[in-house]
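Descriptive analysis of the structure
Residue-level listing of the chains:
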Amino acid sequence: MFEAAFMQHAFLAGTLVSLVAGVVGTFVVARSYNYLTHSLSEIAFAGAAFGFLLGWPALVGMVLLTFLAALSIGSLENTKIRQDNVTSAISALAIGLGILFLALGHTASTAATGILFGSVLGISTTDLWVLAAMTVLVLLVLFLFYKPLRWLAFDEAGLLKRPSQTRALKILFLVVMALSVAISSQLVGSLLIFVLMTLPAASARYYQKTVGKLMALAIFFALFGTWTGLTLAYLTNLPTSVFIAVIEVVIYLVSALTAE
Amino acid sequence: MTAVISVADYQATFGQKTILKQVSFTLKGPAFTVILGENGAGKTTLMKAVLKAALAPHPGSAIQVQADRLAYVPQFRDLGDDYPLSIAAFVGLGLNRGFRPWTTAAEKKRLRWALAQVDLADKADLALAAASGGQKQRAYIAQALVQQPDLLILDEPTASLDAKHTAVLIARLRALQQETGMLVLFISHDTSWVSQYADNYLWLHDQQVTVGAAAALPQAAQSKHSEEVHHV
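The text that follows walks through the structure, step by step, so that each part is easy to find. The structure presented is a predicted model; accordingly, all values stated were derived computationally and were not measured. (Residues numbered from 1 in each chain as written. Chains lettered and ligands numbered in written order. Predicted model: local features only at pLDDT ≥ 70, side-chain atom pairs only at ≥ 80, totals over all residues. Heavy atoms only, no water.)

Some remarks on the overall build of chain B
Basically, it comes down to this: Secondary structure counts use DSSP, requiring at least four H or I residues in a row for a helix and at least two E residues in a row for a strand, with both numbered from the N terminus. The buried label goes to any residue with under 20% of its type's maximum accessible area, the exposed label to any with over 50%, and the partly exposed label to all in between, with areas taken from a 1.4 Å probe on protein chains only. A contact between two residues is defined here by any heavy atoms of the two lying within 4.5 Å. Residue-level accessible areas treat just the shown protein chains as cover; the underlying method is Shrake-Rupley with a 1.4 Å probe. For this count, His and the chain ends are skipped, Lys and Arg are scored as positive, and Asp and Glu as negative. In plain terms, the charge of a residue is placed at NZ if it is Lys, CZ if Arg, CG if Asp and CD if Glu.
When helices and strands are counted, chain B shows seven helices and nine strands. Taken along its principal axes, the extent of the C-alpha atoms in chain B is 50 × 45 × 35 Å. In chain B, buried positions account for 51% of the 232 residues. Across chain B, the fraction of contacts at a sequence separation of at least 24, relative to all contacts at a separation of at least 6, is 68%. Per element, the accessible surface of chain B, about 11,100 Å² overall, is 51% carbon and sulfur. Of the charged side chains in chain B, 21 are positive and 20 negative; the average position of the first set lies 7 Å away from that of the second.

A closer look at a nonpolar patch on the surface
Residues and elements named next belong to chain A. Our working rule: A patch consists of residues whose relative accessible area exceeds 30% and which take part in no salt bridge; residues with like charges are grouped when within 9 Å of each other, and nonpolar side chains (Val, Leu, Ile, Met, Phe, Trp, Tyr) when within 5 Å. Each salt bridge in this description consists of a side-chain nitrogen of Lys or Arg and a carboxyl oxygen of Asp or Glu lying within 4 Å of one another.
Together, L54, W56, V60, L64, F67, L68 and L71 make up an exposed nonpolar region whose accessible area comes to about 560 Å². It is helix α3 (residues 58-77) that contributes the most residues to the nonpolar patch, five residues altogether. Note that L64 resides in helix α3. Among the residues examined, L64 registers a relative accessible area of 36% and is labelled partly exposed.

Overview of the pairing of strand β2 (residues 17-28) of chain B
All names here are of chain B. Our working rule: Two strands make a pair as long as DSSP finds a minimum of two bridges between them.
As judged from the eight bridges shared by strand β1 (residues 4-14) and β2, these two strands associate in the antiparallel manner. For I5, the partnering residue across the bridge sits in β2 and is L27. Hairpin geometry of β1 and β2 is characterised by an intervening segment of two residues between the two adjacent antiparallel strands and by a positive phi of about 65° at G15.

Topic: helix α2 (residues 34-54) of chain A
Residues and elements named next belong to chain A. To keep things clear, this is the line we draw: To estimate the expected span of a helix, count its residues, drop one, and scale the result by 1.5 Å.
Taking 1.5 Å of rise per residue, the 21 residues of α2 would be expected to cover 30 Å, and the 31 Å separating its terminal C-alpha atoms lies within 8% of that figure. Most of α2 sits out of view: 15 of its 21 residues are buried. Positive phi appears at G55, one or two residues downstream of α2, with a value of about 80°.

Some words on the sheet that holds strand β3 (residues 31-37) of chain B
Residue and element names in this part refer to chain B. Quick reminder of the rule: Structural elements are reduced to axes, namely lines fitted to C-alpha atoms, with helices fitted over the stretch in contact, and the angle between N-to-C directions of any two is expressed from 0 to 180 degrees.
Strand order in this open sheet of six strands is β5-β6-β7-β3-β8-β9, and the pairing throughout is mixed. For this open sheet the edge positions go to β5 (70-73) and β9 (208-213), each flanked by a neighbour on one side alone. Here the average twist between neighbouring strands, direction ignored, is 15°. As judged from the five bridges shared by β3 and strand β8 (residues 200-205), these two strands associate in the parallel manner. For I35, the partnering residue across the bridge sits in β8 and is L202. Along the sheet, helix α5 (residues 163-180) contacts β3, β6 (151-155) and β7 (183-187); its crossing angle with β3, the most-contacted strand, is approximately 135°.

Some details on the side chain of A:K147
For clarity, the threshold we go by: Counted as a polar contact is a pair of N or O atoms within 3.5 Å, where, for protein atoms, one must be capable of donating a hydrogen and the other of accepting one, and residues adjacent in sequence contribute only when both atoms are in side chains.
The residue A:K147 is located in helix α7 (residues 146-154) in this model. A distance of 3.1 Å separates a polar atom in the side chain of A:K147 from the backbone oxygen of B:W102.

Details of helix α4 (residues 83-104) of chain A
Residue and element names in this part refer to chain A. Applied cut-off: By construction, the arc corresponds to the directions joining the helix axis to the C-beta atoms.
With 22 residues, α4 extends 31 Å from end C-alpha to end C-alpha; this agrees with the ideal 32 Å at 1.5 Å per step. Among the residues of α4, those classed as buried are V86, T87, I90, S91, A94, G98, F101 and L102. Down the axis of α4, the smallest arc covering the buried residues is 125°, so these residues share one side. Exposed residues lying more than 90 degrees from the buried face of α4 are L93 and L104. Phi turns positive, to about 50°, at H106, one or two residues after α4.

Notes on unusual backbone geometry
Residues and elements named next belong to chain B. Omega for the peptide link from G29 to P30 comes to -10°, which places this bond in the cis form. Inspection of the secondary structure assignment puts P30 in the loop between β2 and β3. Phi is positive for Q148, which is not a glycine, with a value near 50°. By the element assignment, Q148 lies in the loop between α4 (133-145) and β6. Of note, the phi angle at D206 is positive, near 50°, even though the residue is not glycine. Its place among the elements puts D206 in the loop between β8 and β9. For D206, a relative accessible area of 67% translates into the label exposed.

Structural notes on the interface of chain B and chain A
Applicable threshold: Here the quantity called buried area is the accessible surface, traced with a 1.4 Å probe, that two parts lose on coming together, added over both.
In this complex, chain B contributes 34 residues to the contact, which on the side of chain A involves 20 residues. When chain B packs against chain A, close to 2,300 Å² is buried across both sides, 61% of that on carbon and sulfur atoms. Summed over the shared surface of chain B and chain A, the result is three salt bridges. Here B:D82 and A:R205 are joined by a salt bridge, their closest N and O atoms 3.6 Å apart. Connecting chain B to chain A are 11 residue pairs in polar contact (both at pLDDT 80 or more).

Some remarks on the packing of aromatic side chains
Two measures describe an aromatic ring pair: the distance that separates the ring centres and the angle between the ring planes. Keep this limit in mind: Any two of the Phe, Tyr and Trp rings considered here, Trp counted by its six-membered ring, make a pair once their centres fall within 6.5 Å; the pair's planes then place it as stacked at under 30 degrees, edge-to-face at over 60, or tilted in between. For a ring to carry a charge above it, either NZ of a lysine or CZ of an arginine must fall within 6 Å of the ring centroid while also lying within 35 degrees of the normal to the ring plane.
Here the structure, examined in full by the defined rule, presents 19 aromatic pairs over all chains. Relative to A:Y146, the ring of A:F27 lies with its centre 6.2 Å away and its plane at 40°, an arrangement referred to as tilted. Taken together, the positions of A:F27 in helix α1 (residues 5-30) and A:Y146 in helix α7 put the pair 119 residues apart, joining distant regions of the chain. Relative to A:W56, the ring of A:F50 has its centre 5.9 Å away and its plane inclined at 85°; by these criteria the two rings are edge-to-face. Take A:W56: its relative accessible area is 35%, and that puts it in the partly exposed class. Pairwise contacts between aromatic rings join A:F27, A:Y33, A:Y146, A:F154, A:F173, B:Y83, B:F90 and B:Y140 into one cluster. Lying across the ring of B:Y140, B:R77 places its NZ or CZ 4.7 Å from the centre.

As structure tokens, then:
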């Protein structure tokens, strides 16, 4: 299985994505931002379509648009507008633009399917390098700002910072989340973002009681699903996303049902 | 350092209504100060203004706060029934200094100290969501203590506790305040314990504040707490 370069790429990409998704997903679930990841992934779809239109790698377009979206959601978050309304407006616009970019770029439907449902088996060496650089960036930011981000995610009411610092921290978190969504979309596609960003972290909450252990177990669940999914996809010639989605959902259901 | 709060001609309005009119006072640590007043008298407004002045100091503002480390226990915390963290992990959120993700040996020691102060050392691994109301309240206070504050502000931390647990918690806080020399501002609705445990009071009434020794708490400042509870 590992003789083929595309499988090596896929396993490497899957491992990087699982690391990011497990760590960032733990904060996302703690902050109940699950549905925001979905909106961001719709924006990632528009970004990828925009990338295709300009002849860029899909990930670059995704990163650009989700980054801009995170900044705008972050600045609107501090106003009196309801966040779910803002988010639905932005994601509606994103999907519309995505369709426009696909039409303008005469992008083949296989490419569009790849964005929406993931195309990890077709990942190129360039994509892999971009993915690795993004992963390092996200993990570095989390390393440096771990403690304040942890407090923001797990106890916002108790967080005591200068108002400008709290605002900056919230925007930083949204940016990290946006980048992670763009990264994860590479593997499972824009439509299945929950599969890696929220389900492993949500499942881990049934077993662990410290932030570090929640992250470790979320990474383990994500890696298990990804590696098993890739292997099954290789053996059956069916899409990888299907298997990863089913595995993560089963892990979540078993965790929820067996919890005390 | 000794925490000092100086307030000069502070005015608070809520919409059209003036809550506090040109109030001035000084509070200095070490002391246990209780902030009293009816609902709507401006206790929380004043406390929030003090927090803001401490976090983002402004030379010309009416409130000046001198304190190295400030900690705050809010009145409400909606953490949800599926909150995953243990009591120790929750308290450890207060250890938030430095650009490094790990916890140092000194920080771990402080965490154990803070848990022991509120009598939660043997409940460290209990999930916070599974803890009783009193245990949760003590965990909130431990999270503030782990920051080693010289100014500690608590907004009605005993509101959800019964009389017995309230008395135990306040006695413990008083002892800690005396050990560490911090300035404690304790917003309270209930005044039954004030003369026994507090040094002084700050009473908000009729758009004014009155400051005095807790032993000489005016009759009018005393809450009708027991009457409220018993619906007299």
